[in-house]
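# A closer look at the structure
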Amino acid sequence: MRVVIVFVLLLLNGLLWTWGQGDLARFGWPAPQPVVTAAKEPLPAAPSAPSAPATPATPTEPTATAAVAVDATDPLTNITANSVLPTACWQARFWAAPDQDALQRALTNVGDQVFWRLLPSQLEPRWVVMMRDGSDQKALKERLKRAGITFRSSEPPLPEGLIVGTFSNQAGADSALAELRARGETGFEVQQARPEVPVWEVAIYAASRELRDTVLARLNAVPRYSNAELRVVDCADTKKPA
């Protein structure tokens, strides 16, 4: 009996194995489908305590650097990158453009308390109304005096004669000439006294007028344009001379 039970169990086991392999599907016994276990979703994280609002980042300020002394590389000044300029500034004028080297030599070694800067400038053109010398100059001067018109003698490079007006543009000179002709005066003409002329001015930064005057004394050794009288004015802006 025991042998029969064992035989039956082995037979059943073989049938189960055959069924699981799908060999009995043609008899209407399909193999069982594998059971797919769904993956468990992760549990939601426990709510954390509210955090403090983020503090906006504070921009980093640039690190201040000390002024570094440098040599003056600009030949038109003795002002360096770390120079502290006095508040007082004067502007002296005018010197002819070719005299740059002479001006720089005169301004060399003026001392540590005085700063200077050569400033390129431009003289405006000039026109004059004049009459050349003639035989009737005496009578002309009398008529001009009676009419209240001032006059002066011309100087080279203009021709010799009498000048009755100086103008910064030719239109003004032409208008004055027309008025003279309307008075019945003849023989007058318009002449250009000078074209635009490049010149130098010198800005002087000094703590006192005495220091300024020491620089002006040096500059007097350099002839000014057309031997004109020295003109000294206050700088409009001590950092940016006019």
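Everything discussed here concerns the structure shown above.
Heads up: these notes are all about the structure in this document. (Residues numbered from 1 in each chain as written. Predicted model: local features only at pLDDT ≥ 70, side-chain atom pairs only at ≥ 80, totals over all residues. Heavy atoms only, no water.)

The omega angle of the peptide bond from R93 to F94 is -5°, so this bond is cis rather than trans. Residue placement: F94 occurs in strand β1 (residues 89-96). The step from P156 to P157 runs through a cis peptide bond, and the omega angle for that step is 10°. Its identity as a non-glycine residue notwithstanding, N109 has a phi of 60°, on the positive side. With respect to the helices and strands, N109 occurs in the loop between α2 (100-106) and β2 (115-123). Positive phi outside glycine occurs at S226, with the angle close to 55°. Taking the relative accessible area as the measure of exposure, S226 reaches 61% and is therefore exposed. (Helix = DSSP H or I, 4+ residues; strand = E, 2+ residues; numbered from the N terminus. Buried < 20%, exposed > 50% of the residue type's maximum accessible area, 1.4 Å probe, protein only.)

So, on to helix α5 (residues 209-219). Those residues of α5 not exposed but buried are R212, V215, L216 and L219. The buried residues of α5 occupy one face: seen down the axis, they fall within an arc of 100°. Within α5, the exposed residues directed more than 90 degrees away from the buried face are E210 and A217. (Arc of directions from axis to C-beta.)

Geometry only, nothing functional implied.
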